[in-house]
Amino acid sequence: MTDPTREDYRQGADYARWLDAEDELARFREAFAIADPGLIYLDGNSLGRLPRRTAERLATAVTEEWGRDLIRGWNAGWYQAASRIGDKIGRLVGVGSGQVVAGDSTSVNLYKLVMAALSLRPRRDRVVSDVLNFPSDLYVLQGCIDLLGNRHRLHLVPSADGMTVDLPALLDAIDERTALVTLSHVTFKSGFLHDAAAVTEKARRAGALVLWDLSHSVGVVPIDLDGWGADLAVGCTYKYLNGGPGAPAFLYVSRDLQERARSPIWGWFGQRAPFAFDLDYEPAAGVSRFLAGTPPVLSLTALEPALELTLEAGIERIRGKSVRLTSYLIYLVDMVLAPLGFRLGTPRDAERRGSHVSVRHAEGYRIGQALIEEMQVLPDFREPDNIRLGLAPLYTSFAEVWEAVDRMRRVVTEERYRNYAHERHQVT
């Protein structure tokens, strides 16, 4: 492939700028702290940018609520934070109030809901997932099965192409022995988007419960848990919801299950009257019974203004821009990068992908290192050869997508990646 001409550059950059000028969400970029305007940040699928209003809100929480009010803050909004913020998340996942609470990590919440689900289907011995699920989710499932005496078998539906899971094969795996079906709505490596409505409908007909991990879809993909008839869900808030590193996760329990499902962690915030300090546990009403220890107030405080930004933008508009961004990126991959040995690691069909795109190359890790160290492009890497490019519609521009692809081209054509070792950093 010959290098693009000056005219190619001009037209490409001009077209990207025109797309930005037509973007109805472009104004939201100013709502985020961008310390280095020259850095192209394409890792919002892993850690979102800092909203400006979050920094302001945290400063108030620290200096006034903690610094001035001290313990009185619990009766001035802290105690209700997990439910209040849960209801705001609920608006993004298609559920009414009183079905989502925020707190703990995704893995802890997954553990709670898996154990609760399996106890509700005691005569069934099968758990269905797939090989594209996030490994931590599979570890939690394996641990739960072990704790329950290995009475259950974990069935992982395979992937023929390493990117997608065949829907008929997945539906066929759900039968009368299945206690629980649990999947990542959008898979972490390829960005494949499951047909959640079809999977949930089949599980319900088979009498199985369904638990969705929404970590890579919440905030960028329309979600309709109530409409699908989903039973349970978990998700994190530090990716597209911009809640900050290690921000509290959330869990959803459908209203129909709330009085029957029991958390395996009987903590005082899940007790009916925690400040009565009774010696015997009695679960709280509704989804609050799945709370456990004292919630992380400052982290919840940081999350709330970020959620309000997403709600203000609107999930349908966010999804529309996400599809345009990923489609544009895939077009550039085909035109610019494919002749250099890159190949797409994400479904081409916009209906079957989330908001991140994996680009594969035999030298993917070293290319990623060169992008980070020399080219001011910040993606991440997933084994064995995936450069993940996370496109966050609230702050990623089309011009950044164009420029990032051109810098990837330069890394290869100028052989900059050869300056980097094959050995992986601890965090990739």
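To start, this report covers the structure provided alongside it.

Definitions and cut-offs
- Residues numbered from 1 in each chain as written.
- Predicted model: local features only at pLDDT ≥ 70, side-chain atom pairs only at ≥ 80, totals over all residues.
- Heavy atoms only, no water.
- Helix = DSSP H or I, 4+ residues; strand = E, 2+ residues; numbered from the N terminus.
- Rg over C-alpha atoms; globule rule 2.2 N^0.38 Å.
- Buried < 20%, exposed > 50% of the residue type's maximum accessible area, 1.4 Å probe, protein only.
- Contact = heavy atoms within 4.5 Å.
- Areas by Shrake-Rupley, 256 points an atom, 1.4 Å probe, with all protein chains shown as cover.
- Lys, Arg positive; Asp, Glu negative; His and termini not counted.
- Charge placed at Lys NZ, Arg CZ, Asp CG, Glu CD.
- Axes fitted to C-alpha atoms, helices over the stretch in contact; angles between N-to-C directions.
- Left-handed = near helix turned anticlockwise from the far one by under 90°.
- Nonpolar A, V, L, I, M, F, W, Y, C, P; charged D, E, K, R; others polar.
- Pairing = 2+ DSSP bridges.
- Salt bridge = Lys/Arg side-chain N within 4 Å of Asp/Glu carboxyl O.
- Phe/Tyr/Trp six-rings, centres within 6.5 Å; stacked < 30°, edge-to-face > 60°.
- Polar contact = N/O pair within 3.5 Å; in protein donor to acceptor, adjacent residues only side chain to side chain.
- Core = buried A, V, L, I, M, F, W, Y, C linked by side-chain atoms within 4.5 Å.

Check the secondary structure of the chain and you find twelve helices and 13 strands. Against the 2.2 N^0.38 benchmark of 22 Å for 428 residues, the chain shows a C-alpha radius of gyration of 22 Å, consistent with a compact globule. Viewed in the frame of its principal axes, the chain has a C-alpha envelope of about 75 × 55 × 40 Å. Within the chain, buried positions represent 57% of all 428 residues. A separation threshold of at least 6 residues defines the contact pool for the chain, and within that pool the share at least 24 residues apart is 75%. Working note: accessible area of the chain is about 18,200 Å², and carbon and sulfur atoms make up 53% of it. Across the chain, the 50 positively charged side chains and the 56 negatively charged ones have centroids separated by 2 Å.

What follows is about the packing of helix α2 (residues 52-69) against helix α9 (residues 297-313). Packing of α2 against α9 leaves a shortest axis separation of 9 Å and a crossing angle of 145 degrees. Considering only the axes of α2 and α9, their crossing is right-handed. In this structure, α2 uses Arg53, Thr54, Arg57, Leu58, Ala61, Val62 and Trp66 to contact α9, whose residues at the interface are Leu298, Thr301, Ala302, Pro305, Ala306, Glu308, Leu309 and Glu312. For the contact of α2 with α9, the residue count by class is nine nonpolar, two polar and four charged.

Before going further, it helps to spend a moment on the pairing of strand β7 (residues 232-235). Side chains of β7 alternate between two faces, with Leu232 and Val234 and Ala233 and Gly235 buried alike. Examined bridge by bridge, strand β6 (residues 209-213) and β7 share three bridges and lie parallel to one another. Within the sheet, the bridge partner assigned to Asp213 lies in β7 and is Val234. Here β7 runs beside strand β8 (residues 250-253); their pairing, made up of four bridges, is antiparallel.

Two side chains carrying opposite charge are able to pair once their charged atoms lie near each other. Going through the model one piece at a time under the given rule, you end up with 33 salt bridges. Note that Arg343 and Asp385 form a salt bridge whose closest N and O atoms lie 3.7 Å from each other. Here the residue Arg343 occupies a position in strand β9 (residues 343-344), and Asp385 occupies one in the loop between β12 (380-382) and β13 (386-390), the gap between them amounting to 42 residues. Its salt-bridge partner being Asp380, residue Arg388 comes within 2.7 Å of it at the nearest N-O pair. With a relative accessible area of 6%, Asp380 lands in the buried category. One continuous salt-bridge network, built from bridges that share partners, spans Arg84, Lys88, Glu304 and Glu308.

Looking now at the packing of aromatic side chains. Applying the stated criterion across every chain yields a total of 16 aromatic pairs. Consider the rings of Tyr328 and Phe398, whose centres lie 6.0 Å apart with planes at 55 degrees: the pair is tilted. Linking Tyr328 in helix α10 (residues 315-337) with Phe398 in helix α12 (residues 398-413), this pair joins segments that are 70 residues apart in sequence. Exposure class is identical for Tyr328 and Phe398. Each is buried.

A few words now on the side chain of Arg353. As for its placement among the helices and strands, Arg353 is situated in the loop between β9 and β10 (356-360). Asp349 provides the closest opposite charge to the buried, salt-bridge-free Arg353, at an N-O distance of 6.2 Å. Looking at Arg353, its side chain comes within polar contact range of the side chain of Ser327, at 2.8 Å. Reaching out from Arg353, the side chain makes a polar contact with the backbone oxygen of Pro347 at a distance of 3.5 Å. In this structure, Arg353 is in contact with Gly191, Leu193, Arg319, Val323, Thr326, Ser327, Ile330, Thr346, Pro347 and Arg348, ignoring residues within four places of it in sequence.

So, on to the sheet that holds β8. In any sheet, the strands associate via hydrogen bonds between backbone groups, in a parallel or an antiparallel arrangement. The sheet built from seven strands is open, its strands ordered β2-β8-β7-β6-β5-β3-β4 with mixed pairing. At either margin of the open sheet sits one strand with a lone partner, and together these are β2 (100-102) and β4 (153-157). For this sheet, the mean inter-axis angle between neighbouring strands, taken without regard to orientation, is 15 degrees. Running at roughly 170 degrees to β7, helix α4 (residues 106-120) makes contact with β3 (126-130), β5 (178-184), β6, β7 and β8 of the sheet.

Looking now at the sheet that holds β12. With antiparallel pairing, the four strands of this open sheet are ordered in space as β9-β10-β13-β12. Only two strands of the sheet have a single neighbouring strand rather than two, namely β9 and β12.

Ile89, Val93, Trp212, Leu214 and Leu225 are the most contacted members of the largest nonpolar core, which has 39 residues in total. With 36 residues, the next largest nonpolar core counts Leu332, Leu344, Val357 and Tyr420 among its residues.

A word on the environment of Trp74. Structurally, Trp74 is set in the loop between α2 and α3 (81-92). Using a relative accessible area of 22% as the deciding quantity, one classes Trp74 as partly exposed. Put simply, Trp74 and Gln376 are 302 residues apart on the chain and 43 Å apart in space, counted from C-alpha to C-alpha. For Trp74, the contacting residues outside a window of four places in its chain are Tyr79, Gln80, Phe269, Thr294, Pro295 and Val297.

Our next topic: the pairing of β8. Residues in a regular strand project their side chains so that they alternate between the two faces of the sheet. Here β8 shows no split at all, with Phe250 and Tyr252 on one side and Leu251 and Val253 on the other all buried. Note that β2 and β8 share three bridges and pair antiparallel. Looking at β8, one finds that Val101 is bridged to Leu251.

Another point: the packing of helix α11 (residues 364-374) against α12. At a minimum axis distance of 10 Å, the contact between α11 and α12 shows a crossing angle of 115 degrees. Of the two possible hands of crossing, α11 and α12 adopt the one that is right-handed. Where α11 abuts α12, its residues Ile367, Ala370 and Leu371 lie against Arg407, Met408, Val411 and Val412. Along the lines of polarity and charge, the residues of the contact of α11 with α12 split into six nonpolar, no polar and one charged.

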